[in-house]
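What the coordinates show
Chain by chain, the residues:
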Amino acid sequence: MRVLQVCAEIFPLLKTGGLADVAGALPAALQAAGADARVLLPGFDAVLAGLAEPALVAELPARGQVPAARLLYGQLPAANTSGYVIESPALYQRAGGPYADGDQQPYADNHLRFARLGWAAAELAQGADAYWRPEVVHAHDWHAGLAPACLRALGSPAASVFTIHNLAYQGSFDARHFAELGLPPGFFGVDGVEFHGGLNFMKAGLFFADHLSTVSPTYAREIQQPEQGMGLDGLLRTRSAVLHGILNGVDPAVWDPAHDPAITATYDVRRLGRKGLNKAALQAAMGLAVVRDAPLFIVVSRLTEQKGLHLVQAAVPGLVACGAQFAMLGSGDPGMEAAFRKLAEETPASVAVRIGYDELFAHQLVAGGDVIMVPSRFEPCGLTQLYGLRYGTLPLVRRVGGLADTVTDCSLEALDDGSATGMVFDSFDEAGLALALRRALALYRRPRDWRAVQRNAMAQRHDWGVAAEAYLAMYRAALGR
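Nothing here was measured: the structure is a model prediction, and the numbers come from that model.

1. Quick look at the overall build of the chain
- Check the secondary structure of the chain and you find 19 helices and 18 strands.
- A compact globule built from 481 residues should have a C-alpha radius of gyration of about 23 Å, and the chain, at 23 Å, falls within 12% of that.
- With respect to the three principal axes, the spread of C-alpha positions in the chain is 65 × 45 × 45 Å.
- Expressed as a percentage of the 481 residues in the chain, the buried residues total 59%.
- Considering only contacts within the chain whose residues lie at least 6 apart along the sequence, 70% involve residues at least 24 apart.
- Across the chain, the centroid of the 40 positively charged side chains sits 5 Å from that of the 47 negatively charged ones.

What follows is the structure, given as structure tokens:
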């Protein structure tokens, strides 16, 4: 089966969030499962730099006001896959980030930049590469949301699949931009890309794709209800028969405490004592008191309200009062950044904060922490809790989305039957988080039970092989096989 993965970023070449981790791991997993998978990416500087031996495949024509571009093909060794890259310096090679400028303002022509991605996918499905044509076009998130619409506009025989990674980010634009995209006029309407009078790339994918998926079974149910449907729950309910929830995996080549070159001491479930060496190194690196028995709570996250970091901010003084420590790596809301910095200034021996993102340091945090906190308001899948499970750093999560699907609370029953893997709470408020923190602290004071839960957590398997088989089943359904 020939499968084209269409996405805006890919680890390790370009990453702004979990989408890149998925894009970097899924093609190789599909290849291992027997598919012929390739990727299609915009020609951002980092992507072009990672493309080995690029060859010109086609000159892509302009579509409406979507500029013409060159389509290159080559190997992406860092991502262990091959793929196509759209070369268009005017669209993609800019001083800012992939989606916004240095002041974090979205580029005014994002509708054209990512329409070019959608058209390129459809043009490949129509034979732009004379030597390879996809049977399935798999578009990821709003950036690739126009691909299924473009396929329909060209009458492509390829099946289309669209995956929602986070419904909150929809690619919404003013309706006047529709005329610039080169799509048939009839595509702008309730049965099309129109959403409350505007243009919506996410809705384009949801409406035109043959099959839909999102990144956990629970999130697939949640987005069909108003609370988390972000205005699209009605459309998703009408498409529920072709909506699949498939959990993301963890790439063992990147996240494995037994072979991780980024951490101080490698370890596995049989050598859990070595995890303490990572804790001591982390404490020293962040200026915390090097105290072996102080439970160390960590956060690796974007600082947004969605992630529940305001709840964590309120909880940190209580943790410190109980003798715990807190370390964070993240960036985002300026007010949250300032508040966490203030906490670190007030109690530097117990609280440490690093603003920004550093992939290698994230590994050191996950290896050195005792508890990783993911108290999200909503969470399609979540990856940090999966990293925590793999590293024996117990996740403390809210019971939503993929967090609910991957972490089992350390209730007495779960401790008794060996299924406990972390701490889970329900209400999105300070009281709900406080109860989960009390359970974490109580469990930490019982070393034998703590180690048992760590072993349970590390025994969990969320690998891409399982996910790849589920995606292949969805592709076969989309093809009518």
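2. Points about the nonpolar core
- Ranked by internal contacts, the top residues of the largest apolar core, which has 74 residues, are Leu40 and Leu206.
- The leading source of residues in this core is helix α4 (residues 110-125), at 10 residues.
- Contact partners of Leu206, with chain neighbours within four places excluded, come to Phe162, Ile164, Leu167, Leu212, Leu232, Leu235, Leu236 and Arg239.
- Formed by 62 residues, the second largest nonpolar core is a distinct cluster that contains Phe340, Met373, Leu433 and Met458.

3. Let's talk about the packing of aromatic side chains
- In the structure shown here, the tally under the stated rule is 17 aromatic pairs.
- Where Tyr84 meets Trp132, the ring centres are 6.0 Å apart and the plane angle is 35 degrees; that geometry is what we call tilted. You can see Tyr84 sitting in strand β5 (residues 81-87) and its partner Trp132 sitting in the loop between α4 and β6 (136-140), a full 48 residues away along the chain.
- Ring geometry for Tyr99 and Phe114: centres 5.9 Å apart, planes at 45 degrees, overall tilted. Of this pair, Tyr99 sits in the loop between α3 (89-92) and α4 while Phe114 sits in helix α4, and the two are 15 residues apart along the sequence.
- Members of the aromatic cluster, each reached through a chain of ring pairs, are Tyr99, Phe114, Trp142, Phe173 and Phe201.
- Here the guanidinium or amino end of Arg63 rests over the ring plane of Trp119, the centre of that ring lying 4.8 Å away.
- The side chain of Arg94 reaches across the aromatic face of Tyr107, ending 4.8 Å from its centre.

4. Notes on the pattern of salt bridges
- In total, this model carries 22 salt bridges according to the counting rule given.
- Across the pair Glu379 and Lys307 runs a salt bridge, and its minimum N-O distance is 3.0 Å. Taken together, the residues span a long stretch of sequence, with Glu379 in the loop between β16 (371-374) and α14 (384-390) and Lys307 in the loop between β13 (296-303) and α11 (309-321) at a distance of 72 residues.
- Since its relative accessible area comes to 6%, Glu379 is described here as buried.
- Overlapping salt bridges bring together Arg2, Glu135 and Arg481 as one network.

5. Structural notes on the sheet that holds β13
- The strand order across the open sheet formed by 6 strands is β15-β14-β13-β16-β17-β18, and the pairing between neighbours is parallel. Of all strands in the sheet, those with a lone pairing partner are β15 (351-355) and β18 (423-425), marking the two edges. With direction set aside, neighbouring strand axes in the sheet form an average angle of 15 degrees.
- The pairing of β13 with strand β14 (residues 325-332) spans 8 bridges and is classified as parallel. Paired with Arg302 across the strands is Ser331, a residue of β14.
- Strands in contact with α11 are β13, β14, β15 and β16; relative to β13, the strand with the most contacts, it is inclined by about 160 degrees.

6. Regarding the packing of helix α1 (residues 18-32) against helix α19 (residues 464-479)
- At their nearest, the axes of α1 and α19 sit 9 Å apart, and the two run at 75 degrees to each other. Here α1 lies roughly perpendicular to α19, going by the angle between them. Listed contacts from α19 to Val22, Ala25, Leu26, Ala29 and Leu30 of α1 are Trp464, Ala468, Tyr471, Leu472 and Tyr475.
- Along the lines of polarity and charge, the residues of the contact of α1 with α19 split into 10 nonpolar, no polar and no charged.

7. Re the side chain of Asp256
- Inspection of the secondary structure assignment puts Asp256 in the loop between β12 (243-245) and α10 (275-285).
- The side chain of Asp256 sits in the buried core without any salt bridge; Arg390 is the nearest counter-charge, 4.4 Å away.
- Side chain to side chain, Asp256 and His259 meet in a polar contact 2.9 Å long.

8. With respect to unusual backbone geometry
- The linkage connecting Phe11 with the following residue, Pro12, adopts the cis geometry, with an omega of 5 degrees.
- Its location among the elements puts Pro12 in the loop between β1 (2-6) and α1.
- With a phi angle near 65 degrees, Asp141 is a residue other than glycine that sits in the positive phi range.
- Position of Asp141 among the secondary structure elements: in the loop between β6 and α5 (147-154).
- Of note, the phi angle at His196 is positive, near 50 degrees, even though the residue is not glycine.
- With respect to the helices and strands, the residue His196 is situated in the loop between β9 (194-195) and β10 (198-200).

Parameters and conventions
Within each chain, residue numbers correspond to sequence positions counted from 1 in written order. In keeping with the predicted nature of the model, local features appear solely for residues at pLDDT of at least 70, side-chain atom pairs appear and are counted solely at 80 or more, and the whole-chain, interface and lining totals rest on all residues. Each side-chain value is worked out from all heavy atoms of the structure, with water and hydrogens disregarded. To qualify as a helix, a DSSP run of H or I must reach at least 4 residues; to qualify as a strand, a run of E must reach at least 2; elements of each kind are numbered from the N terminus. Atoms counted for the radius of gyration: C-alpha only. Globule rule: 2.2 Å times residue count to the power 0.38. Per-residue accessibility, obtained with a 1.4 Å probe over protein chains only, is compared with the maximum for each type, and a residue is labelled buried under 20%, exposed over 50%, and partly exposed between these values. Throughout, a residue-residue contact means that at least one pair of heavy atoms, one from each residue, lies within 4.5 Å. The convention is simple: Lys and Arg are positive, Asp and Glu are negative, and His and the chain ends are not counted. One atom stands in for each charge, and that atom is NZ of Lys, CZ of Arg, CG of Asp or CD of Glu. Joining through side-chain atoms within 4.5 Å is the link that ties buried Ala, Val, Leu, Ile, Met, Phe, Trp, Tyr and Cys residues into a set, and such a set is a nonpolar core. The pairing test for Phe, Tyr and Trp rings, Trp by its six-membered ring, is centres within 6.5 Å, and the orientation test on the planes gives stacked under 30 degrees, edge-to-face over 60, and tilted for anything in between. Sitting over a ring, as applied to charges here, requires NZ of Lys or CZ of Arg to be within 6 Å of the ring centre and within 35 degrees of the ring normal. For this analysis, a salt bridge means a side-chain nitrogen from Lys or Arg found within 4 Å of a carboxyl oxygen belonging to Asp or Glu. A pair of strands counts as paired when DSSP detects no fewer than two bridges linking them. Convention adopted: a line fitted to C-alpha atoms gives each axis, helices being fitted over their contacting stretch, and angles between N-to-C directions are expressed from 0 to 180 degrees. Working definition: roughly parallel below 35 degrees, roughly antiparallel above 145 degrees, roughly perpendicular at 65 to 115 degrees, and oblique for all remaining angles. Under the scheme applied, nonpolar residues are Ala, Val, Leu, Ile, Met, Phe, Trp, Tyr, Cys and Pro; charged residues are Asp, Glu, Lys and Arg; polar residues are all the others, including Gly. The definition of a polar contact used here is a pair of N or O atoms within 3.5 Å, where within protein one atom must be able to donate a hydrogen and the other to accept one, and adjacent residues in sequence count solely through side-chain atom pairs.

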